[in-house]
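Each chain, written out:
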Amino acid sequence: MLDKLPEAGLKRSKLKIPVARLAALAPAIVQVAGGGTGSFVSGKGLLVTNHHVAFGCLARLNALEEHKGIMDDGYVAKDMAAELPCPGYDLLTVVKVEPVTAKVLEGVPAGTRKNYGARFEQVRGNKEKLRKACEADGAHICQVAQMNGGTAFYLSTYKRVRDVRLVYAPPKSMGKYGGDIDNWMFPRHTADFAFLRAYVTAEGKGEAHDKSNRPMETPVHLRISPYGVRKGSLVEVIGFPGRTKRHVTSQSVAYQTRQYLPEVVSLLADLLAQVNKRRGASKEAERKYMSLESRLQNAIKYYRMSKKGFERWDMLKRKRGEEERRLRGLKGSSRARAQELLDQMGGVYRRYLRFHRKHQALNWLTWAVPSVRVAHDIARWGVEKDKPDEARKDSRYKDKNVYQFTEAADRLELESELASEKALLAFFLRRANKLPRDQQPLVVIALRKQVKAAERGAGAKKLKGDFASKAAELLYGRTGLLAADDKAESIKAAVARRKALFAMNSEMLRKQDDPLLAFALSLEQELRDIREGPFAEVEQYLATVLHPRWVGTFLKPKYPDANFTVRLSYGSVKDYTSTDTGKTHRYLTGLKGLLAKETGKWPFVVPTWLKDSAVKDAPAASPHADKWIKDIPVNFTCTLDTTGGNSGSPVLDDRGRLVGLLFDGTPESVLSDWQYLQKEQRSIVVDIRLARYMAGLQGAKALLQEITPPSPAEVRKLRTKLKKEKE
């Protein structure tokens with residue numbers, strides 16, 4: 001946490017600036033599109049992040065006729081007027097973070113099996129009061145985040161920026177060089193960077209895109225180091241790491257090992273095959289499902305390697321061993337209370353297993369099928385809109401966030417097409433239909449009856465295929481939520497229909513004659529019954545009473561689990577030794593290694609202009625070359641403790657200057673959500689010198705003028721001048 005930086009440790013690691021200077025950089029760190037991290041690198045709102053964080057922007061632009069090909073070709077804005085709006089992208093910039101534990105827990109009783117529901121609402125109510133007061137000025141977005149389920153609470157104040165534009169992105173072949181073959185591997189040679197810019201109104205407000213908006217003034221921004229790193233260098237990273245689970249109990253690890261991971265690996269592998277089958281069926285499907293395919297590729301490798309890691313590191317045995325040692329260290333009633341607490345948590349997990357497959361099936365359905373996701377948002381919003389804002393438990397449906405899902409709905413035809421949506425829905429229905437009877441979603445059982453009724457109906461149209469295909473045909477055959485084709489008038493009508501439905505409440509929605517909407521209404525009702533019924537014990541008792549009690553009373557960790565709040569980690573640049581092969585790899589890769597990997601086939605394709613430069617321009621003599629390897633640096637490894645959400649996070653040197661962007665980890669770091677192995681795992685960083693080198697080759701002159709740091713000679717000259725002035 002930035003309010004509790006490890007000052008002594010940083011000083012021992014030879015940080016050359018005051019620790020307070022690092023904390024003061026917080027306004028330069030931004031959360032990008034709700035999932036990644038970026039950082040401002042100029043006073044004019046220019047920010048740098050990962051190519052894979054900007055991938056959604058590129059994919060949505062690529063789906064537009066006027067920008068077709070931008071993903072493969074990359075993009076260079078010659079000036080600010082040429083910067084392109086990123087559909088659906090926004091930023092959260094840090095204003096301040098403050099502890100509010102006492103205020104949140106004021107008057108809140110200790111949680112028990114009987115009162116956890118009322119207690120949960122009391123805590124939520126206190127958090128809402130703090131959020132509402134924080135947002136009263138209308139200029140900020142505020143969030144109260146709980147640490148380890150509720151051992152502590154922090155109020156984060158952000159400024160939201162809704163006009164984000166693409167400045168520079170390398171071609172996909174470079175931004176994803178090595179693809180999923182090299183993903184989570186090292187040596188690595190990926191140009192995983194992109195530049196965006198934040199725009200605001202003349203009054204400095206972060207409103208939606210408008211031509212009159214201007215670049216955001218960002219007086220706090222990172223300086224780019226002209227030197228790079230070497231082995232042993234101190235590095236720090238500031239970002240928004242996602243949700244880690246390092247302080248959970250063995251029951252959680254058992255659930256992951258025995259249920260969740262095997263099931264999700266099977267699901268994602270089959271889903272990816274289905275998506276690729278559809279993408280191979282037409283050019284339109286290939287473009288529209290590009291972003292989904294990319295997310296699935298990353299997810300399947302992550303979960304496969306996680307499953308392997310759980311087995312390799314014997315996570316369940318290790319976690320149980322930790323608990324047994326902790327229990328042996330306790331005496332008398334303390335030991336009995338700890339054991340009772342573990343038993344209570346185990347009971348919650350056992351009860352969750354009675355419906356977890358149904359719950360997961362419904363959640364995946366709303367995530368992976370774009371049209372179902374939109375239809376579900378319509379159904380859920382129809383219920384939520386009639387509640388006061390503070391009574392809406394899911395932040396997605398707060399007034400301040402409504403634009404996110406309504407604007408996403410406006411883009412539906414850019415990310416989906418009818419034939420593929422039918423196939424994807426049928427895929428999920430087919431899997432759900434094979435679940436044990438007591439785990440089958442009610443919506444699936446109801447669909448079976450509808451299909452049979454349709455087939456018996458007088459003059460019924462002959463439905464083809466298995467149950468799932470027939471059900472998908474029924475649901476999409478008469479829906480107005482998704483355009484039937486790519487004709488402008490069809491899309492216009494579908495967009496208008498969705499807007500009209502978003503304006504209706506649940507009572508009005510139930511009167512509509514639209515089979516896909518009716519399915520979504522039933523889907524939401526079933527999910528709501530689970531949320532407010534059996535899952536409440538998981539969310540309100542296990543997560544916010546039992547777990548924080550275990551962590552706060554018996555575990556007492558040095559730091560809280562990550563939860564998308566801004567954090568700092570520090571480490572050093574080190575070589576990487578594979579635990580699979582025992583081979584040690586130098587910490588830094590270069591352009592020569594990148595070129596040596598080229599095969600001419602995806603994912604190892606190097607653009608001609610980069611190959612030509614390597615031959616003609618003597619990269620070793622470039623000002624961006626690394627003097628230790630005598631080559632253009634590409635990626636380096638370090639001991640930084642990072643996880644999902646850190647993608648795009650700035651990696652800083654011992655003077656707080658930007659040296660790279662975190663984008664991946666070695667195989668040993670796949671389980672970083674669950675453990676940190678300082679000796680074995682490494683974070684992988686794209687060297688910022690590579691970004692500057694490639695920007696020069698691609699003619700990004702305006703960008704380079706904006707971010708180029710003073711040369712070493714200029715720095716020495718300035719230091720001499722300042723020294724003389726002091727004398």
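So, here's what we can say about the structure.

Thresholds applied
- Residues numbered from 1 in each chain as written.
- Predicted model: local features only at pLDDT ≥ 70, side-chain atom pairs only at ≥ 80, totals over all residues.
- Heavy atoms only, no water.
- Helix = DSSP H or I, 4+ residues; strand = E, 2+ residues; numbered from the N terminus.
- Rg over C-alpha atoms; globule rule 2.2 N^0.38 Å.
- Buried < 20%, exposed > 50% of the residue type's maximum accessible area, 1.4 Å probe, protein only.
- Contact = heavy atoms within 4.5 Å.
- Lys, Arg positive; Asp, Glu negative; His and termini not counted.
- Charge placed at Lys NZ, Arg CZ, Asp CG, Glu CD.
- Polar contact = N/O pair within 3.5 Å; in protein donor to acceptor, adjacent residues only side chain to side chain.
- Pairing = 2+ DSSP bridges.
- Patch = residues over 30% accessible without salt bridge, like charges linked within 9 Å, V, L, I, M, F, W, Y side chains within 5 Å.
- Areas by Shrake-Rupley, 256 points an atom, 1.4 Å probe, with all protein chains shown as cover.
- Salt bridge = Lys/Arg side-chain N within 4 Å of Asp/Glu carboxyl O.
- 1 Å grid on protein atoms, 1.4 Å probe; cavity = no way out; pocket = protein on both sides within 12 Å on 5 of 7 lines; lining within 4 Å.
- Points joined across faces, edges and corners; volume = space filled by probe spheres on them.
- Disulfide = S-S within 2.5 Å.
- Phe/Tyr/Trp six-rings, centres within 6.5 Å; stacked < 30°, edge-to-face > 60°.
- Lys NZ or Arg CZ within 6 Å of the ring centre and 35° of its normal.
- Axes fitted to C-alpha atoms, helices over the stretch in contact; angles between N-to-C directions.
- Core = buried A, V, L, I, M, F, W, Y, C linked by side-chain atoms within 4.5 Å.
- Expected span 1.5 Å × (residues − 1).
- Parallel < 35°, antiparallel > 145°, perpendicular 65-115°, else oblique.
- Nonpolar A, V, L, I, M, F, W, Y, C, P; charged D, E, K, R; others polar.

**Describing the overall build of the protein chain**
Regarding its fold elements, the protein chain presents 28 helices and 20 strands. Taking 2.2 N^0.38 as the reference for a compact globule, 727 residues should give roughly 27 Å; the C-alpha atoms of the protein chain span a radius of gyration of 26 Å, in line with that estimate. For the C-alpha atoms alone, the extent of the protein chain along its principal axes is close to 90 × 75 × 55 Å. Expressed as a percentage of the 727 residues in the protein chain, the buried residues total 57%. Taking all contacts inside the protein chain whose residues are at least 6 apart in sequence as the whole, residues at least 24 apart take part in 77%. In the protein chain, 126 side chains carry a positive charge and 85 a negative one; their mean positions are 4 Å apart.

**Observations regarding the side chain of Thr-565**
Assignment of secondary structure puts Thr-565 in the loop between helix 23 (535-555) and strand 13 (567-572). Judged by its relative accessible area of 2%, Thr-565 is buried. A polar contact is formed between the side chain of Thr-565 and the side chain of Asn-563, at a distance of 2.6 Å. There is a polar contact of 3.2 Å between the side chain of Thr-565 and the side chain of Arg-567.

**As for the pairing of strand 19 (residues 658-665)**
Judged by how many residues are buried, strand 19 sits mostly within the fold: eight of eight residues are covered. Of the strand pairs in this sheet, strand 18 (residues 650-652) and strand 19 are connected by three bridges, and their pairing is antiparallel. Directly across from Pro-650, in strand 19, lies its bridge partner Leu-661. Taken together, the five bridges between strand 19 and strand 20 (residues 683-687) define a ladder with antiparallel strand orientation.

**A short note on a positive patch on the surface**
The grouping of Arg-437, Lys-449, Lys-452 and Arg-456 at the surface amounts to a positive patch. For Lys-452, the location among the structural elements is in helix 18 (residues 442-456).

**Here we look at the environment of Ser-306**
Counting through the fold element by element, Ser-306 comes out in helix 11 (residues 290-312). What makes Ser-306 buried here is its relative accessible area of 2%. Between the alpha carbons of Ser-306 and Tyr-570 there is a distance of 24 Å; along the sequence they are 264 residues apart. Residues within four places of Ser-306 in sequence aside, it is in contact with Leu-261, Val-670 and Leu-671.

**Topic: the pairing of strand 12 (residues 234-239)**
For strand 12, the tally of buried residues reaches six of six residues, placing the bulk of the element in the interior. Burial along strand 12 is two-sided: the face carrying Leu-234, Glu-236 and Ile-238 and the face carrying Val-235, Val-237 and Gly-239 are both buried. Relative to strand 18, strand 12 runs antiparallel, the two being bridged by two bridges. Pairing of Val-237 across the sheet is with Val-651, part of strand 18.

**Here we look at empty space enclosed by the protein**
This structure, assessed with the given rule, holds one cavity of 30 Å³ or more. Around the largest cavity, the lining residues are Ala-361, Leu-362, Leu-365, Phe-428, Leu-429, Ala-432, Pro-441, Val-443 and Val-444.

**Overview of the layout of surface pockets**
Quantified by volume, the second largest pocket comes out at close to 1500 Å³. Surrounding the second largest pocket, 47 residues form its lining, Arg-246, Lys-558, Tyr-559, Pro-560 and Asp-641 being those nearest its centre. When contributions to the lining of the second largest pocket are tallied by element, the ones reaching two or more residues are strand 8 (152-161), helix 12 (315-328), helix 23 and strand 13. With six residues, the single largest contributor to the lining of the second largest pocket is helix 12.

**Structural notes on the side chain of Ser-173**
Relative to the elements of secondary structure, Ser-173 occurs in helix 7 (residues 172-175). Setting aside residues no more than four positions away along its own chain, Ser-173 makes contact with Trp-602, Val-605 and Pro-607.

**A word on the state of the cysteines**
Following the criterion strictly, the structure yields two disulfides and no others. A disulfide bridge connects Cys-57 with Cys-86, and the sulfur atoms are separated by 2.1 Å. Residues Cys-57 and Cys-86 share a disulfide whose torsion about the S-S bond is about -70°; that sign makes it left-handed. Here the residue Cys-57 occupies a position in helix 3 (residues 55-62), and Cys-86 occupies one in the loop between strand 5 (84-85) and strand 6 (91-99), the gap between them amounting to 29 residues. Paired by a disulfide, Cys-134 and Cys-142 hold their sulfur atoms 2.0 Å apart. The disulfide joining Cys-134 to Cys-142 has a torsion of about -65° about its S-S bond and is therefore left-handed.

**As for the pattern of salt bridges**
Summed over all chains, the structure comprises 51 salt bridges. Glu-128 is the salt-bridge partner of Lys-398, the closest N and O atoms lying 3.0 Å from each other. Note that Lys-398 is positioned in the loop between helix 15 (370-384) and helix 16 (402-410) and Glu-128 in helix 6 (residues 116-134), a separation of 270 residues in sequence. The burial state of Lys-398 is the same as that of Glu-128; both residues are buried. Two residues, Arg-478 and Asp-513, come together in a salt bridge whose shortest N-O distance is 3.4 Å.

**Considerations on the packing of aromatic side chains**
Scanning all chains against the criterion turns up 22 aromatic pairs. Taken together, a centroid distance of 5.0 Å and an interplanar angle of 70° make the contact between Tyr-302 and Tyr-303 edge-to-face. Grouping residues by exposure puts Tyr-302 and Tyr-303 together as buried. Taken together through their ring pairs, the aromatic side chains of Trp-184, Tyr-255, Tyr-260, Tyr-302, Tyr-303, Tyr-349, Tyr-352, Phe-355 and Phe-535 make up a single cluster. Taking NZ or CZ as reference, Arg-165 lies 3.6 Å from the ring centre of Tyr-199, over its face. When the ring centre of Phe-55 is taken as origin, the NZ or CZ atom of Lys-176, which lies over that ring, is 5.5 Å away.

**What to know about the environment of Val-264**
Note that Val-264 resides in helix 9 (residues 250-279). For Val-264 and Val-235, which are 29 residues apart along the polypeptide, the C-alpha to C-alpha distance reads 35 Å. Setting aside anything within four residues of it in sequence, one finds Val-264 in contact with Tyr-303 and Trp-364.

**With respect to the sheet that holds strand 19**
With respect to topology, seven strands assemble into an open sheet ordered 13-12-18-19-20-17-16, the strand pairing being antiparallel. Across the chains shown, the open sheet's two edge strands, defined by having one partner strand only, are strand 13 and strand 16 (588-590). With strand direction ignored, the average angle separating the axes of adjacent strands in the sheet is 30°. With respect to the sheet, helix 26 (residues 688-697) is in contact with strand 16, strand 17 (633-638), strand 19 and strand 20, its orientation differing from that of strand 20 by roughly 30°.

**Points about the nonpolar core**
Within the largest apolar cluster, 100 residues are counted, with the highest numbers of intra-cluster contacts made by Tyr-303, Phe-428, Leu-429, Tyr-476, Phe-519 and Trp-550. It is helix 9 that provides the largest number of residues to this core, a total of twelve residues. Excluding residues that lie within four positions of it along the chain, Tyr-303 makes contacts with Tyr-260, Leu-261, Val-264, Val-265 and Leu-268. Grouped together as the second largest cluster of nonpolar side chains are 58 residues, Ile-29, Val-94, Ile-141 and Leu-591 included.

**Remarks on helix 13 (residues 332-352)**
The end-to-end C-alpha distance of helix 13, which contains 21 residues, comes to 31 Å, matching closely the 30 Å that a straight helix rising 1.5 Å per residue would cover. Within helix 13 the residues assigned to the buried category are Ala-338, Leu-341, Leu-342, Met-345, Gly-346, Gly-347, Val-348, Tyr-349 and Tyr-352. For helix 13, the secondary structure elements touched by its buried residues are helix 9, helix 12, helix 14 (356-368) and helix 23.

**What to know about the packing of helix 25 (residues 608-616) against helix 26**
Helix 26 packs onto helix 25 with a crossing angle of 100° between their chain directions and a minimal axis gap of 10 Å. Taken together, the axes of helix 25 and helix 26 lie roughly perpendicular to each other. Residues Trp-609, Leu-610 and Ser-613 of helix 25 form the contact with helix 26, whose participating residues are Tyr-693, Met-694 and Leu-697. Broken down by class, the residue content of the contact of helix 25 with helix 26 amounts to five nonpolar, one polar and no charged.

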